[in-house]
Structure formats: C-alpha cells, structure tokens
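# Structural overview
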Amino acid sequence: MGETPHRSADAGTGGTRVTESHERSAGASARLVEAPVSTRTPGGTGLGGGGALPRARAFGAERGFRGLTLAAGTVVLVIIAAIAVFLVAKAVPAIRADTENFWTFEGWFPNDSEPKFGIGALAFGTVLTAALALLVAVPVALGIALYLSHYAPRRVGTTLGFLIDLLAAVPSVVFGLWGREIFLRPVQDFSVWLNKYFSWIPIFGGEGPFGKSILLGSLVLAIMVLPIITSLSREVFLQTPTANEEAALALGATRWEMLRTAVLPYGRPGIIAAVMLGLGRALGETIALAMTLGITFNISFNLIQNGGNSIAANIANTFGEANETGRGALIASGLVLFAITLIVNITARVIIYRRREFTESAA
Amino acid sequence: MAKRIEASNVTAYYGAFKAIENINITVEPKTVTALIGPSGCGKSTFLRSINRMHEVLPGARVEGSLTIDDQDIYDRDVDVTAVRRMIGMVFQRPNPFPTMSIYENVVAGLRLNGVRKKSILDEAAENSLRSANLWDEVKDRLGKPGAGLSGGQQQRLCIARTIAVEPQVVLMDEPCSALDPISTLAIEDLMFQLKDKFTIIIVTHNMQQAARVSDRTAFFSIEKTGDPGRLIEYDNTQKIFSNPSQKKTEDYITGRFG
C-alpha cells in the first residue's frame with residue numbers, strides 16, 4: 001500500500017489505472033482511519049496505532065480543490081454561451097437586411113445600401129478545399145506515421161518526427177506567402193498540363209488563367225494539416241500493444257499484414273480523431289487561403305482555374321472595409337462555419353461511438 | 001499434422017547479450033514437452049526461437065540450426081511467415097485482437113492466408129472453438145468482442161485462433177500464468193486433447209503443471225546472472241521428477257534452488 005502507481009507502464013492499456021487508483025485511495029483512507037489523531041504527519045509512531053477515529057474535516061484541501069475544478073469546468077460553459085449570444089445578436093439583423101437569399105446567392109456585397117450577400121459559394125469553397133486537402137494529406141500522413149512507428153530505424157524515426165513537428169510550427173502566413181510566391185509556379189504549370197490533356201474532365205476544364213485556384217489552396221492546406229495528422233497517428237500507432245502485434249506475426253502475418261490486422265484497427269479511433277483535428281484546421285484556415293485562392297464568389301467544381309474562396313478567407317479579406325451590416329454578415333458567415341465544424345465533429349463522434357464496444361474493451 | 005523438431009547448437013542473442021547457448025533438443029511428434037527452469041534461464045527465448053519470433057525484437061538473432069522434419073527453418077530461402085504458420089504460438093498473457101469479435105479473432109489467421117469463403121471460415125471457427133473447449137460458452141455471441149471474455153476464455157480463444165490455421169506445432173509460453181486454477185485446469189485438459197494432433201512445447205514455471213501435462217521435460221538453468229542459459233537435462237518427465245540424473249535438476253525440482 002502507499003506505493004506510487006506506475007502509470008506510465010500502463011499508459012497504453014489504461015484499464016488498470018482505475019484499480020490502481022482504487023488501491024491507492026484505499027491505502028490512504030486506511031492510513032487515515034488508523035491514525036489516532038486527525039493530523040496526518042508522517043514519521044510518528046501513531047500512524048498505524050489505535051485510538052479513536054478522527055472526524056472528517058469540514059473544510060480541507062479536498063473540498064477546496066473540488067470547488068476549483070468545478071469553477072474551471074463552468075468557465076467553459078460561460079465562454080461558449082457568451083460567444084453564442086454575441087454571434088447570434090450580431091448576425092440576425094444583418095441577415096434580415098439581406099435583400100437576396102442568404103443561402104443561395106453567389107456574391108458578397110453587404111456594404112451596399114441594398115445589401116446582397118450569400119453564404120453558398122463561400123461554404124462550398126470552404127468544404128471543397130478542406131476535403132481536397134484531406135484527400136491528399138491523409139494517405140501521405142498515415143504512410144509517414146506507419147513508417148515512423150514501424151519501419152524506420154529509431155534514429156531516422158526520431159529525426160524525421162522532429163522535422164515533421166517543425167513543419168507544424170511554421171506560421172500559416174508563411175505558408176500563404178510561400179504558396180503564392182513559389183508554389184504557385186509548379187501548380188500553374190501542372191494545371192496547364194492537366195487542362196491540355198484532361199480538359200474533357202469538367203474539374204480540369206476552363207480557359208484559364210490558371211494557378212491561384214482551389215488546387216493551389218488545397219495543396220497548401222494539405223501541407224499544413226499533414227504534420228498534425230502525422231504526429232497524432234504516429235502516437236496512436238506506437239501505442240498498439242506489442243502483444244497484439246506479436247499475435248499477428250505469430251499467425252504468419254507479414255509486416256504489412258500485421259499492421260493491417262493489429263495496428264490499424266487498434267488505432268482507428270485515434271486516426272479518426274487525428275483526421276478530424278486536421279479537418280478542423282483546414283476548415284478554419286484563414287490567411288493561407290486568403291493569399292492563395294483566386295477569390296471569386298461562384299460555386300464551381302473547377303479545380304485549376306483562378307478562383308475559389310472560403311468563409312474564413314473572406315472574413316480576413318473583407319473585414320477591413322466592412323460597415324455595420326457588413327460585419328454582421330461576416331459574423332453570420334462565421335456562424336455557418338461554426339455549424340459546419342460542429343457537424344463534422346459530431347459525425348466523427350458518432351463513428352467512434354458506434355464501435356465503442358470494441359474500443360472500450362480494448363482499453 | 002505433427003512434426004519432429006530438432007535443435008542443434010542453438011544460441012540466441014539480444015544484441016551483445018547471449019541469452020541461451022548450445023541448446024540441443026529433439027522433440028518427437030505428438031508429444032507434450034515442458035521447458036522448466038528459473039526465471040531468466042532462457043526457456044522463453046528458446047521457445048521463441050523455434051518459430052522465429054525471437055528475431056522480431058530489434059538486435060535479436062539466433063545461431064545454430066533448428067529443423068522441423070529435416071527442413072532448416074533458419075535457412076536463407078525459407079519464408080518466415082510460412083514457418084510461423086507451421087509453428088503456432090500461444091502467449092503468456094491472453095492477447096485476442098481487441099478490435100475484433102470472437103469470430104473474427106478465430107478466423108484472423110485464415111483471413112491472413114487469403115481464405116475468403118464464408119462456409120470454410122464458419123466451419124473452421126466452429127471446429128477450432130470446439131477443439132479449444134470454448135464453443136458452448138461463446139456460440140451465441142460470436143459477434144461480441146473477444147476482449148470481453150474472461151481471462152481463461154480469452155486464453156482458450158487465443159488457442160482456438162492458433163489452431164485454426166492447423167499448424168504442425170503449438171508453442172505455449174506460460175499459457176496459464178495469468179489464469180486462475182479452474183481456467184488452468186481447463187487449458188491443461190485441452191493440452192491432452194490437442195496432443196493427438198499437434199506437437200506441443202510449453203514453457204511453465206509451475207512444476208506440478210509440467211509433471212501433469214508433459215511427456216518429456218527439459219530443465220534449463222544459468223550459472224549466474226548475465227550468463228547464457230543452458231540445457232541441463234532433458235528426459236522423460238517421469239524420470240526428471242522422480243530420479244533426475246543431474247544434481248542441479250534435483251535441487252530445482254525439490255525446491256532447494258531457483
């Protein structure tokens with residue numbers, strides 16, 4: 001009793017932690033009960049001795065700490081409520097003033113005397129760029145993560161892991177600058193090539209000009225979300241119990257089959273969480289997209305023509321010149337963005353929840 | 001369905017550390033062989049080198065020759081996955097795949113080998129679970145997670161998973177050390193049944209268990225910490241436990257050492 005629980009040893013399994021903390025508290029209370037006086041000073045001979053049972057304290061560190069954590073928990077609710085009230089209060093008058101349909105109109109003129117603005121094109125651009133970014137980033141990120149966790153020699157793995165974490169530390173405005181000043185050229189050339197040979201596919205059609213397009217924005221976004229997804233899924237893969245990996249190998253699995261049988265299924269909830277975090281960043285990304293997209297207000301699946309826009313990029317680009325209604329309109333667009341992220345997160349939760357029977361018993 | 005294993009001069013390393021040295025053993029088909037000895041004497045290392053699981057750890061390697069029906073499993077041309085399919089393994093702690101159902105766990109090995117046909121998988125699952133004495137307990141909940149079973153059931157599930165691919169040899173690394181006496185008994189009974197079909201090698205710390213289940217017993221020991229483990233004596237179980245020829249063996253089984 002009373003020995004420090006070795007939490008790190010069970011970090012992966014988790015399940016034993018509960019019993020350990022039980023054990024520990026049982027030990028602590030036993031000590032308390034056996035103490036002859038309410039002081040719990042160690043070293044005295046009284047700790048294990050007899051005597052009357054001490055009374056429970058009315059006010060102590062235990063209660064104080066409980067109150068502190070409760071307060072900390074409440075702060076979150078208060079902040080969320082405050083934000084929601086602020087957003088709705090500003091957004092509703094602006095949407096009322098909109099002379100076009102807020103959902104379907106393709107354009108953004110909220111500062112005119114007859115405000116006309118619609119969220120459709122912006123929301124479409126936001127979702128399209130984020131989805132494309134994930135489409136590119138997720139397979140690459142998972143590949144890197146598996147390489148780092150299960151193939152790379154330790155030294156290579158550590159170095160590469162560090163470099164990838166560095167990539168996550170690059171500010172998004174730097175990505176934006178790099179995107180429009182340097183990365184633009186190869187993407188432009190690639191777009192021209194795509195247009196030349198694949199213009200019969202609508203997404204690669206158009207007359208140009210090419211370059212500052214959905215493609216460029218998505219690729220820059222992909223590079224930005226890559227490190228998040230990589231380092232999270234790497235951690236998840238490293239947590240796979242060795243016993244499960246050995247079980248697969250002992251059944252005659254090759255390395256790849258072992259990954260498929262033991263590592264990937266075990267890491268599934270973690271991968272989903274990592275992808276959702278990446279998606280969250282992609283959806284909310286502002287300045288990099290404001291700098292790399294062509295800024296047009298139309299709904300088009302064309303990936304390579306100059307164009308595209310996103311909710312966050314539009315807020316960054318137009319907030320400076322916005323009047324009262326304009327700011328309200330932007331806040332309304334922010335609410336829509338919030339709703340999109342919320343839906344994405346709930347979907348992810350549902351996916352994880354559906355498999356809880358298996359993931360919980362795994363822990 | 002069972003093959004003879006011959007180890008000659010098997011020496012295994014973890015990096016620079018020599019864990020076992022010059023092990024020579026012949027295991028006859030359809031017998032149960034127990035490996036006993038004090039902790040750290042290399043019995044598990046030897047067991048893991050029989051199905052080439054030893055080399056999974058970084059820096060670990062094996063020297064000498066290990067043949068199964070005269071085929072050297074450490075031959076350069078031998079596919080290691082084929083070796084492991086032929087020589088199945090049950091681990092110390094039950095390790096069903098946590099994300100898979102009971103059914104999926106049992107057929108995991110078959111799936112890895114490309115069996116896709118539902119009827120074959122169903123039949124193999126039922127047969128293996130029956131052989132592992134688990135069928136009656138789980139037949140109504142094959143779709144439930146394997147990790148939701150009790151420890152003893154999980155270990156039998158792991159045995160079912162191992163025998164589902166119909167190996168020649170089954171290695172067991174202290175299969176009962178994490179189990180209660182009743183589950184232990186269930187698994188020992190199971191070993192008696194399984195030896196009709198498989199060659200079984202079991203590592204155990206429990207000498208009564210070795211005496212109960214095995215036909216032959218190998219006693220491993222080390223001189224002192226840091227020395228490689230050696231095979232001290234290998235004989236019929238009855239002889240080892242009644243009249244061992246080595247003083248060390250006698251000291252160990254009578255509890256005077258280790």
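Residues numbered from 1 in each chain as written. Chains lettered and ligands numbered in written order. Predicted model: local features only at pLDDT ≥ 70, side-chain atom pairs only at ≥ 80, totals over all residues. Heavy atoms only, no water.

- As recorded in an unreviewed UniProt entry, chain B goes by Phosphate ABC transporter ATP-binding protein and comes from Micromonospora musae.

- Identification of chain A as Phosphate transport system permease protein from Micromonospora musae is taken from an unreviewed UniProt entry.
- Recorded in UniProt under Sequence similarities (unreviewed entry), the annotation for chain A is "Belongs to the binding-protein-dependent transport system permease family. CysTW subfamily."
- Looking at chain A in UniProt, the text filed under Subcellular location (unreviewed entry) is "Cell membrane". (UniProt positions renumbered as here; feature names shortened; annotations may be inferred.)

### Focus: the overall build of chain B
- In terms of regular secondary structure, chain B is built from ten helices and ten strands.
- Put simply, 67% of the contacts in chain B that link residues at least 6 apart link residues at least 24 apart.
- Carbon and sulfur atoms make up 46% of the accessible area of chain B, which totals about 10900 Å². (Helix = DSSP H or I, 4+ residues; strand = E, 2+ residues; numbered from the N terminus. Contact = heavy atoms within 4.5 Å. Areas by Shrake-Rupley, 256 points an atom, 1.4 Å probe, with all protein chains shown as cover.)

### Thoughts on the overall build of chain A
- Scanning chain A from N- to C-terminus turns up twelve helices and two strands.
- Reading the secondary structure of chain A in the N-to-C direction produces α-α-β-β-α-α-α-α-α-α-α-α-α-α.
- A burial count over chain A gives 39% of its 363 residues as buried.
- In chain A, 68% of the contacts between residues at least 6 apart in sequence involve partners at least 24 apart.
- Surface summary for chain A: the accessible area is close to 20100 Å², and the carbon and sulfur share equals 65%. (Buried < 20%, exposed > 50% of the residue type's maximum accessible area, 1.4 Å probe, protein only.)

### Describing the pairing of strand β8 (residues 199–203) of chain B
Residue and element names in this part refer to chain B.
- Counted residue by residue, β8 has five buried out of five residues, so it is predominantly covered.
- Across the two faces of β8 the burial is the same, with Thr199, Ile201 and Val203 and Ile200 and Ile202 all buried.
- Across four bridges, strand β3 (residues 32–36) lies against β8 in parallel orientation. Within the sheet, the bridge partner assigned to Ala34 lies in β8 and is Ile202. (Pairing = 2+ DSSP bridges.)

### A word on the interface of chain B and chain A
- Chain B puts 27 residues into the contact, and the matching count from chain A is 21 residues.
- For the chain B and chain A pair, buried surface summed over both sides reaches about 2100 Å², with 65% attributable to carbon and sulfur atoms.
- Viewed at the interface, chain A and chain B are joined by one salt bridge.
- The salt bridge involving Glu246 of chain A is made with Arg48 of chain B; its shortest N-O contact spans 2.6 Å. (Buried area = accessible area lost by both parts, 1.4 Å probe. Salt bridge = Lys/Arg side-chain N within 4 Å of Asp/Glu carboxyl O.)

### Regarding helix α6 (residues 151–164) of chain B
All names here are of chain B.
- Its 14 residues place the ends of α6 20 Å apart at the C-alpha level, agreeing with the 20 Å of an ideal helix rising 1.5 Å per residue.
- With 13 of its 14 residues buried, α6 lies for the most part within the structure.
- Looking at the residues trailing α6, positive phi occurs at Glu166, about 50°. (Expected span 1.5 Å × (residues − 1).)

### A word on helix α10 (residues 311–318) of chain A
- Of the residues making up α10 of chain A, those classed as buried are Ile311, Ala312, Ala313, Asn314 and Thr318 of chain A.
- The inward-facing, buried residues of α10 of chain A contact β1 (108–109), α3 (120–151), α8 (255–284), α9 (287–292) and α11 (324–354) of chain A.

### Side note on the sheet that holds strand β7 (residues 169–173) of chain B
Residues and elements named next belong to chain B.
- Spatially, six strands are ordered β6-β7-β8-β3-β9-β10 in an open sheet, and the strand pairing comes out mixed. Both outer strands of the open sheet, β6 (87–90) and β10 (230–236), are each paired with one neighbouring strand and no more. Strand-to-strand twist in this sheet, taken as the mean axis angle between neighbours without regard to direction, amounts to 20°.
- For β3 and strand β9 (residues 216–221), the ladder comprises four bridges, and the chain directions are parallel. Among the inter-strand pairings, Ile36 is bridged to a residue of β9, identified as Phe219. (Axes fitted to C-alpha atoms, helices over the stretch in contact; angles between N-to-C directions.)

### Digging into the pattern of salt bridges
- Going through the model one piece at a time under the given rule, you end up with 20 salt bridges over all chains.
- Measuring nitrogen to oxygen at the nearest pair gives 4.0 Å for the salt bridge that ties Glu181 of chain A to Arg180 of chain A.
- One network of salt bridges, in which partners are shared, links Lys18, Glu21 and Arg230 of chain B.

### Some thoughts on unusual backbone geometry
- Positioned with a positive phi, Asn9 of chain B is a non-glycine residue whose angle comes to about 50°.
- Relative to the helices and strands, Asn9 of chain B resides in strand β1 (residues 5–14).

### What to know about the packing of α3 of chain A against α8 of chain A
All names here are of chain A.
- At a minimum axis distance of 9 Å, the contact between α3 and α8 shows a crossing angle of 140°. The hand of the α3/α8 crossing is right-handed. On α8, the residues touching Thr126, Val127, Ala130, Leu134, Val138, Leu142, Leu146, His150 and Tyr151 of α3 are Arg255, Trp256, Met258, Leu259, Val263, Leu264, Ile271, Val275, Gly278, Leu279, Ala282 and Leu283.
- For the contact of α3 with α8, the per-class residue count stands at 17 nonpolar, three polar and one charged. (Left-handed = near helix turned anticlockwise from the far one by under 90°. Nonpolar A, V, L, I, M, F, W, Y, C, P; charged D, E, K, R; others polar.)

### A word on the UniProt feature "transmembrane region" (unreviewed entry) in chain A
Residue and element names in this part refer to chain A.
- The feature "transmembrane region" (unreviewed entry), as annotated in UniProt, sits at residues 67–89, 117–148, 160–178, 214–232, 286–304 and 329–352 in this numbering.
- From the first C-alpha to the last, residues 67–89 spans 33 Å; its make-up is 100% helix and 0% strand.
- Within residues 286–304, the helical portion is 32% and the strand portion 0%, while the C-alpha atoms at the span's ends are 20 Å from each other.

### Here we look at the packing of helix α3 (residues 102–112) of chain B against α6 of chain B
All names here are of chain B.
- Put simply, α3 and α6 touch, their axes get as near as 7 Å, and they point 30° apart. Our classification of the angle between α3 and α6 gives roughly parallel. Crossing of α3 against α6: the hand is right-handed. For the pair formed by α3 and α6, the contact residues are Ile102, Asn105, Val106 and Leu110 on the first element and Leu157, Ala160, Arg161 and Ala164 on the second. (Parallel < 35°, antiparallel > 145°, perpendicular 65-115°, else oblique.)

### Considering the confidence of the model for chain A
All names here are of chain A.
- Here chain A shows a mean pLDDT of 83. Residues at 70 or above account for 83%.
- Element-level mean pLDDT values for chain A span from 42 in helix α1 (residues 15–34) up to 94 in α3.
- Across residues 1–38, where pLDDT falls below 50, the model places 35 contacts with residues more than four positions away in sequence or in other chains. (pLDDT = per-residue confidence, 0-100.)

### So, the packing of aromatic side chains
Residue and element names in this part refer to chain A.
- Evaluated as defined, the whole model comprises eleven aromatic pairs over all chains.
- Ring geometry for Phe102 versus Phe117: centroids 5.9 Å apart, planes at 80°, classification edge-to-face. Placement of Phe102 in the loop between α2 (61–97) and β1 and of Phe117 in strand β2 (residues 116–117) is noted, with a sequence separation of 15 residues between them. Of the two residues, Phe102 and Phe117, both sit in the buried class.
- Cluster of aromatic residues (ring-pair linked, three or more members): Phe190, Trp193, Tyr197, Phe198 and Trp200.
- Above the face of the Tyr151 ring, Arg255 is positioned so that its terminal group lies 5.1 Å from the ring centre. (Phe/Tyr/Trp six-rings, centres within 6.5 Å; stacked < 30°, edge-to-face > 60°. Lys NZ or Arg CZ within 6 Å of the ring centre and 35° of its normal.)

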